[in-house]
Amino acid sequence: MEVSKKIATFARMFMLSAIISALFFTPAMEEDTIRTQNLDEVVVTSNGANQRVQSVQAGAEQLQLKELTAAPSLFGENDIMRSLQLLPGIKAESDASSSFQVRGGTAAQNLVLYDNAPIYNVGHLAGLFSTFNDDALGSATLYKGLLPAQYGGASSAVLDITGRTGDKQSLHGGASIGLLSAKALLEGPIVKNKASFLITARRSYLDTFMKLVKKYRNNTLFFYDVNAKADWNIGKRDQLFLTFFTGYDRIALEDMIDIRWHNLAASLKWLHHINSAGSYAQTTLLHSDYRTDNGIDMFGSSIWFDAHIRQESLRHDLHLELGRHQIDAGLQSSLMNVKSAEWKIVNNHEKEQRRAWENALWLNGIFSLTKNLTASAGLRLSAFSPLGGSLYYDIEDNGEIGWYYSYGSNQIVKTHINIEPRASLNYKLSDDTSLKLAYARTSQNIHALRNQNTSTPFDRYTISSNIVKPEIADQVSIGVFMMTPSQDYDFSLEAYYRKVDNVLDYRDGKSFSSEIEIERLILPGEGKGYGVEMSARKNTGRLTGWLAYTLSWSKTRIDGVNGGRWYDANNDRRHDISIAAIYRLNKRWTLNAAWLFNTGQAFTAPSGKYQIEDNWVYYYAERNGYRAPDYHRLDISAVWKKRYRKTTHQWAFSIYNLYNHYNPYLINFEDSENGARTRAKQYSLFGIVPSATFSIDF
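Here the structure is a predicted model, which is why all the values come from computation and not from measurement. (Residues numbered from 1 in each chain as written. Predicted model: local features only at pLDDT ≥ 70, side-chain atom pairs only at ≥ 80, totals over all residues. Heavy atoms only, no water.)

(A) The arrangement of a nonpolar patch on the surface in detail. There is a patch of nonpolar side chains on the surface, built from I190, V191, W232, I234, L242, L268, W270, L285 and L314 and spanning about 800 Å² of accessible area. Counting only elements with at least two residues in the nonpolar patch, the list comes to β13 (181-191) and β17 (257-273). With respect to the helices and strands, the residue L285 is situated in strand β18 (residues 280-298). With a relative accessible area of 48%, L285 lands in the partly exposed category. (Patch = residues over 30% accessible without salt bridge, like charges linked within 9 Å, V, L, I, M, F, W, Y side chains within 5 Å. Areas by Shrake-Rupley, 256 points an atom, 1.4 Å probe, with all protein chains shown as cover. Salt bridge = Lys/Arg side-chain N within 4 Å of Asp/Glu carboxyl O. Helix = DSSP H or I, 4+ residues; strand = E, 2+ residues; numbered from the N terminus. Buried < 20%, exposed > 50% of the residue type's maximum accessible area, 1.4 Å probe, protein only.)

If you want it as structure tokens, here you go:
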């Protein structure tokens, strides 16, 4: 299918052609391989050495967000998603992605929650920046696969973000302007001491400057997001919280490309405090909607592509403080609507869309068994039922449809039931040292397919069905955590092993647009990841920071791919090092630096080629059989802050990629005029990038 090949080529190239053509272009370098890179922009630290040592939950990072403006940032944009990439066991997808990968999993295997509502695309400008405005964030916790039972729907990790509430005492706000965008914040009381509001808004303005340049006048490149939150104290023990979030992106090049994607999430939460000891009951209504709408008119073909993920949920949580013990229980019921694709390719109009009903129950407890031993144990029961109203079918071994099934619009096609045990132990070897051991089984029923290593608006999603089974991940870990008596320093060493069943990958020779029936494109298999994470942190004094190192492996095996042999996953990188430092020079100046290094990831390259008539056809001997060169980068910044009578002014100056090292983002294989020779041509997104941001709070 010639058109399908062209669409697949564009899907791999659209980030480069859209963003780089509109912004700037770094000349290509001819090499044999391609490198990708980890991005970081924001400092994220946990709530202290004591929390890391004493917490029973293994693989969890409770994040502080107050240092968001401290670390070097790309284009002056503070970014919680990129900041996570400084932590051990966590990696960036690429230079152009704010999505993160955890312990050998992909970004699509993570679940990101904003006030309990799932966010399925976390990037602006196709992932260049996070969709989250740091002014709207209150707290966040990252669970690296070892989840308490109250979390589900992810086979890799969960990032649980809570939005900040407004000030109930006085009205105030702030604004900032950076290299690419401006943002504003306003918060204050609705009824003093009883109800408050907070609203933040951010918009890029690069498109305004593009209109001034004749070459780019007909191009469009912008994003915006809005966060709003209101809370009411409706009694001594009851509170209501209303959260709203929306984000929108558009990239358009002349009359060739028009790419749009949109996130919307809303939640209404009723919180009832049962007693003063900290017990509570919480009921939440949730809505989440991610959609993408893309039009392409190039290569002599007219193509339109549309997809969405929608979810409505009712969730109830019960938390009980019982002296030295804690109990969490709850349930959730969700309706899902997933359109894997709808497209018009020339005169061909096709659509695949399905719905599902998902239910879950959970019970989790934290028990202080002895003075030195604390345990967390839980069980989650999930039931996922795809619903009728669209076509279901059987797939033959060759990928063709063998039989069609027709079900009523609300008829249950099949129910996938999963029992997911979770357990974690913390044994205190001393007041300053603990040993942690953990196991968790998790499942995921929304699956993403990608032609490339990074998240894009051209990703296709599907749900578990009569053919596709839920991803089931089992993970074990053991670690030693220690701190100095003063908590000035703390250290950790943690090893993990992760196994995933029913992972999906493309059949050889297939791409996202080869067929509308997504189950004809895929084959199920298994994956595994294992490694060691080490970190050392300095928590006090004028100089603070940390060193994190990860040694890891990530592999996949699928019958029908790579001869059924294990192969390195796209995100396999053997070594990953990050160093972050913050130096408080005086009351007004803070200096920051971050250095990253990681082994180049695995990728697939042609092993040879042959000629059929006038066409050269590449031959691929193995999946991901080549290794990209290593990646490294140094970022620095300086932040000046001064308090006036009623306002606070701040300047943040940063230099991204200080020594101007070109880390390749994309590689193409190009033939000579007669096709006899092939060369690898690679492209970079960024060299050195200086930026400045001014902020004012009142």
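Don't stop here, the text continues.
(B) Structural detail: empty space enclosed by the protein. Within this structure, the stated rule accounts for twelve cavities of 30 Å³ or more. Considering the residues around the largest cavity, the lining is formed by 49 residues, among which N110, L111, P118, Y120 and G153 are closest to the centre. When residues of the lining of the largest cavity are assigned to their parent elements, the largest contribution, four residues, is made by strand β6 (residues 110-114). For the lining of the largest cavity, the class distribution of residues is 21 nonpolar, 22 polar and six charged. The wall of the second largest cavity is formed by 18 residues, among which A60, E61, F481, S492 and E494 lie closest to the centre. Residue assignment for the lining of the second largest cavity shows that the elements contributing at least two residues are α2 (49-54), β3 (60-64), β30 (489-506) and β31 (522-538). (1 Å grid on protein atoms, 1.4 Å probe; cavity = no way out; pocket = protein on both sides within 12 Å on 5 of 7 lines; lining within 4 Å. Points joined across faces, edges and corners; volume = space filled by probe spheres on them. Nonpolar A, V, L, I, M, F, W, Y, C, P; charged D, E, K, R; others polar.)

(C) A look at unusual backbone geometry. In this structure, R103 takes a positive phi of about 50° despite not being glycine. Note that R103 resides in the loop between β5 (100-102) and β6. By relative accessible area, which is 2% here, R103 ends up buried. A positive phi is found at N657, a non-glycine position, where the angle reads about 60°.

(D) Quick peek at the nonpolar core. F305, I309, I446 and Y461 are the most contacted members of the largest nonpolar core, which totals 50 residues. When residues in this core are grouped by element, the largest group, five residues, is from strand β20 (residues 325-345). For I309, the contacting residues outside a window of four places in its chain are Y120, S288, D289, Y290, N337, V338, I446 and Y461. Residues L63, I119, F245 and A265 belong to the second largest nonpolar core, which totals 24 residues. (Core = buried A, V, L, I, M, F, W, Y, C linked by side-chain atoms within 4.5 Å. Contact = heavy atoms within 4.5 Å.)

(E) Molecular detail of the environment of V468. As for its position among the elements, V468 is in the loop between β28 (460-463) and β29 (471-483). For V468, a relative accessible area of 4% puts it in the buried group. Here the alpha-carbon distance between V468 and E519, two residues 51 residues apart in the chain, equals 7.6 Å. Setting aside anything within four residues of it in sequence, one finds V468 in contact with H416, H447, I463, L504, E519 and I522.

(F) The packing of aromatic side chains, seen in detail. Inspection of the entire model under this criterion finds 15 aromatic pairs. Summarising the aromatic geometry, the rings of Y497 and Y530 are spaced 6.1 Å apart at their centres and angled 20° between planes, so their arrangement reads as stacked. Of the two residues, Y497 is situated in strand β30 and Y530 in strand β31; the sequence distance between them amounts to 33 residues. The exposure class assigned to Y530 is partly exposed, which follows from its relative accessible area of 26%. With centroids separated by 4.9 Å and ring planes inclined at 45°, the aromatic side chains of W651 and F694 adopt a geometry described as tilted. Within this pair, whereas W651 is found in strand β41 (residues 648-656), its partner F694 is found in strand β44 (residues 689-697), the two being separated by 43 residues in sequence. Here the aromatic residues Y114, F132 and F245 are joined through ring pairs into a cluster of three or more. Sitting over the ring of Y392, R354 keeps its end group 4.1 Å from the ring centre. For the cation-ring pair, K528 lies above W566, with the distance from its terminal atom to the ring centre recorded as 4.3 Å. (Phe/Tyr/Trp six-rings, centres within 6.5 Å; stacked < 30°, edge-to-face > 60°. Lys NZ or Arg CZ within 6 Å of the ring centre and 35° of its normal.)

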